[in-house]
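Next come the chains, spelled out residue by residue.
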Amino acid sequence: MVVAHLGLLATFDLANHLLVFLILLGVSFASLWVAERQLRLSGLRLTHLLVVAAFLRLTLLPLPPTLSNDVLRYVWDGRVVVAGSNPYLLTPNDEALEPLRDQLWEEMDHRDVPTVYPPVAMALFSLVAALPFSSINQVFALKFLLCCADLFTCAGLVYLARRLRLRESRVLWYAWNPLVVLEVAGMGHVDAIGVAAVVATVTFLPERVWAAALAATASVQAKLVPLLMAPMWARQSRRPVLFLAILAVVSVAMMAPIAWFTGGVPPGLVAYGVSWEFNGPLFEPLWRALEVLDTPARVQGLLNYLKEATDHNPAWNRLYPFNYPQLHAKLLLALGLLLAVGRSWFFRSPVAGTGWLFGMLLLFSATVYPWYLLWALPWAALCRQRAWLGLSALLPLSYISQFSDLPHLPWVFGAIWLPFAFLLWRNPRWSTD
C-alpha cells in the first residue's frame, strides 16, 4: 500500500496539489504503521527491506522538485566549480557567471546568496555537474546518487539493530518512511549524504576509532550540523584525543582554502545563520515573547551606557544593527544548544546520544524544514521514539504555509508542534532498551 500511494505522488506537481499530496502522504504513513506492526510479528528479511526501500525511492525519482528546489542549487554550485569559479564568493546573480545561466538558474531560489555547502557536498555536486548531461538529467543523476547513499543508511541501520538485538522491523520507520523517501528521492536533499556518514560513524564506534573519525569528518564536510556531535562521539570512541585530532586535521585541511579565499567564515553561511527563520519550535514563541518584553530597548540602553563609560563609540555602534528580538532569541537558543552538547557527554550509547542531540538541535533551531528531520529519524526509528517518528508525519504540514495563503502561525505551527509536544511529554527518553 505504501508503494501504491507514493507512486501516485510522482504524477503531481506537489506544490500545486497540496491537499491531494497531504492526503496521500497521510494514507502512506497509516500504511507504514500497519506494515510495521505486521512485520514485527512475522519477521523481515534484509533483502526484502532493501528491495522495497529501493523501489520506493525509484518510484519518486522522476518527481519534479517543486516543494524545494535546493537540488537545482546543488547542480549550479557544481557547475560553478567545474567552470573554475568560486561558489563561496560569487552568487548565482554575479555577472561573471552569466555564461552558465539557463533554465536551471531561472528556477533557483536565493540567487543573491553564495553557497553554504562544505567540500564533500561540493565534490559530489561537481562530479554530477561534470557529467555530459542536460540540466534535467544532472538533477536526476544527483538524486539517484543520494538515493544510493540513503540505501546505505538503511543497511547500516539494520546492522545496528542486529548488533543491539533490536527488532529489524524498527528500521522500517526510516527505510520506508514517506517523508524520507519524498525528501531524498523526490526533492533530492544532500542531507542524505551526511546522514549516511553519521550512520557509518555510529557503526564504527567504539572499536574502530580511525574509521569512525573519518566518517564523522565526512558527515561534517557534507553538512556542518554533525560538528556538534564531535565531543560526544570522541568520548564514546574511548580515545577522544585521537578522534578529535583526526577530525580537526582533516577538516582544517578541507576548509582552509575556503576560509582563505573568503577571508574567514563564508558569507553564505553568515547569511543563513542571521537571516533564515522558519518553523523553529522554540524560536517562534521565544522571539515574540522578547518582542513583548521590548528587549531591544533594554539592550540599547546598555549599549548607550557602555558607549559613555568606555568613550569608544565606533566599536559599540557596530552592534546596534543587530539589536532585534529574533537575534536575541537565536543567541539564547545557541546557549541552550551548547548546554545540550555538554549534556550529551554523558550518553554512553552512540545511538541514543546521537538521536537525542540531533533532536535538541532541531528544537533549538530557528529554521526547521521537513528534510532537517532526516538527521534524527534513523535514531528515532531504532529507539522507537514516538514523538520524533510522529513528527515525520506532521512536518510536511509546513508546506501548507509555504504554498498557500494560510498563515503559518498559529494554525500550521500549532498543528505540527502541539501533538509533538504531547508525545514528547509522554515519552521524552531516547533508549534502545
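Residues numbered from 1 in each chain as written. Predicted model: local features only at pLDDT ≥ 70, side-chain atom pairs only at ≥ 80, totals over all residues. Heavy atoms only, no water.

## Observations regarding the overall build of the protein
- Broken down by element type, the protein carries 23 helices and 0 strands.
- Projected onto its principal axes, the C-alpha coordinates of the protein cover approximately 75 × 50 × 50 Å.
- Looking at the protein as a whole, 53% of its 433 residues are labelled buried.
- Sequence-distant contacts in the protein: of pairs separated by 6 or more residues, those separated by 24 or more amount to 76%.
- As presented, the protein carries roughly 19500 Å² of accessible surface, and 66% of it is formed by carbon and sulfur atoms.
- Counting 30 positive and 25 negative side-chain charges, the protein places the centres of these two groups 18 Å from one another. (Helix = DSSP H or I, 4+ residues; strand = E, 2+ residues; numbered from the N terminus. Buried < 20%, exposed > 50% of the residue type's maximum accessible area, 1.4 Å probe, protein only. Contact = heavy atoms within 4.5 Å. Areas by Shrake-Rupley, 256 points an atom, 1.4 Å probe, with all protein chains shown as cover. Lys, Arg positive; Asp, Glu negative; His and termini not counted. Charge placed at Lys NZ, Arg CZ, Asp CG, Glu CD.)

## Here we look at the packing of helix 3 (residues 46-60) against helix 7 (residues 135-163)
- Running from amino to carboxyl end, helix 3 crosses helix 7 at an angle of 155 degrees, the nearest separation of the two axes being 10 Å. In this view, helix 3 runs roughly antiparallel relative to helix 7, as classed from their interaxial angle. Crossing hand, helix 3 versus helix 7: right-handed. Listed contacts from helix 7 to Leu 46, Leu 49, Leu 50, Ala 53, Ala 54, Arg 57 and Leu 60 of helix 3 are Lys 143, Cys 147, Asp 150, Leu 151, Cys 154, Ala 155, Val 158 and Arg 162.
- Of the residues belonging to the contact of helix 3 with helix 7, the class tally is 11 nonpolar, no polar and 4 charged. (Axes fitted to C-alpha atoms, helices over the stretch in contact; angles between N-to-C directions. Parallel < 35°, antiparallel > 145°, perpendicular 65-115°, else oblique. Left-handed = near helix turned anticlockwise from the far one by under 90°. Nonpolar A, V, L, I, M, F, W, Y, C, P; charged D, E, K, R; others polar.)

## Details of empty space enclosed by the protein
- What the rule picks out here adds up to 1 cavity of 30 Å³ or more.
- Counted as a void, the largest cavity has a volume near 50 Å³.
- Lining the largest cavity, in full, are Tyr 88, Thr 115, Val 116, Tyr 117, Pro 118, Leu 224, Met 255, Pro 266 and Leu 269.
- Its residues placed into classes, the lining of the largest cavity shows 8 nonpolar, 1 polar and no charged. (1 Å grid on protein atoms, 1.4 Å probe; cavity = no way out; pocket = protein on both sides within 12 Å on 5 of 7 lines; lining within 4 Å. Points joined across faces, edges and corners; volume = space filled by probe spheres on them.)

## Some details on the layout of surface pockets
- Reported here for the second largest pocket is a volume of approximately 200 Å³.
- Forming the boundary of the second largest pocket are 13 residues, of which Leu 205, Pro 206, Arg 348, Ser 349 and Pro 350 lie nearest the centre.
- Breaking the lining of the second largest pocket down by element, the ones donating at least two residues are helix 7, helix 12 (230-236) and helix 19 (350-363).
- Per-class residue counts for the lining of the second largest pocket are 7 nonpolar, 2 polar and 4 charged.

## Brief notes about the confidence of the model for the protein
- Residues with a pLDDT of 70 or more make up 96% of the protein, whose mean pLDDT is 92.
- Averaged pLDDT values for the elements of the protein fall to 46 in helix 1 (residues 2-9) and rise to 98 in helix 10 (residues 191-204).
- Low confidence marks residues 1-7, where pLDDT is under 50. Its contacts with residues over four positions away, or in another chain, come to 21 contacts. (pLDDT = per-residue confidence, 0-100.)

## Details of unusual backbone geometry
- Look at the link from Leu 205 to Pro 206: it is a cis peptide, with omega at -5 degrees.
- With an omega dihedral of 0 degrees, the bond running from Leu 409 to Pro 410 counts as a cis peptide bond.
- The residue Arg 384 is not glycine, and still its phi comes out positive at about 50 degrees.
- Within the secondary structure, Arg 384 sits in the loop between helix 20 (377-383) and helix 21 (386-394).

## Side note on the packing of helix 15 (residues 283-292) against helix 18 (residues 325-344)
- As a packed pair, helix 15 and helix 18 sit with axes 8 Å apart at the nearest point and diverge in direction by 125 degrees. It follows that helix 15 is oblique to helix 18 by the angle criterion. Crossing of helix 15 over helix 18 shows right-handed handedness. Every residue of helix 18 that contacts helix 15 at Phe 283, Leu 286, Trp 287, Leu 290 and Glu 291 is listed here: Pro 325, Gln 326, His 328, Ala 329, Lys 330, Leu 332 and Leu 333.
- Here the residues of the contact of helix 15 with helix 18 sort into 8 nonpolar, 2 polar and 2 charged.

## Topic: helix 6 (residues 119-129)
- For helix 6, the tally of buried residues reaches 8 of 11 residues, placing the bulk of the element in the interior.
- For helix 6, the full list of buried residues reads Pro 119, Ala 121, Met 122, Leu 124, Phe 125, Ser 126, Val 128 and Ala 129.
- Elements that come into contact with the buried residues of helix 6 comprise helix 4 (70-82), helix 7, helix 10, helix 11 (209-222) and helix 13 (240-262).

## Quick look at the pattern of salt bridges
- Taken as a whole, this structure holds 8 salt bridges when the rule is applied.
- For the salt bridge of Arg 384 with Glu 36, the shortest nitrogen-to-oxygen distance reads 3.0 Å. Of this pair, Arg 384 sits in the loop between helix 20 and helix 21 while Glu 36 sits in helix 2 (residues 18-42); the two residues are 348 residues apart in sequence, bridging distant segments of the chain.
- Since its relative accessible area comes to 17%, Arg 384 is described here as buried.
- When its relative accessible area of 1% is taken as the criterion, Glu 36 is described as buried. (Salt bridge = Lys/Arg side-chain N within 4 Å of Asp/Glu carboxyl O.)

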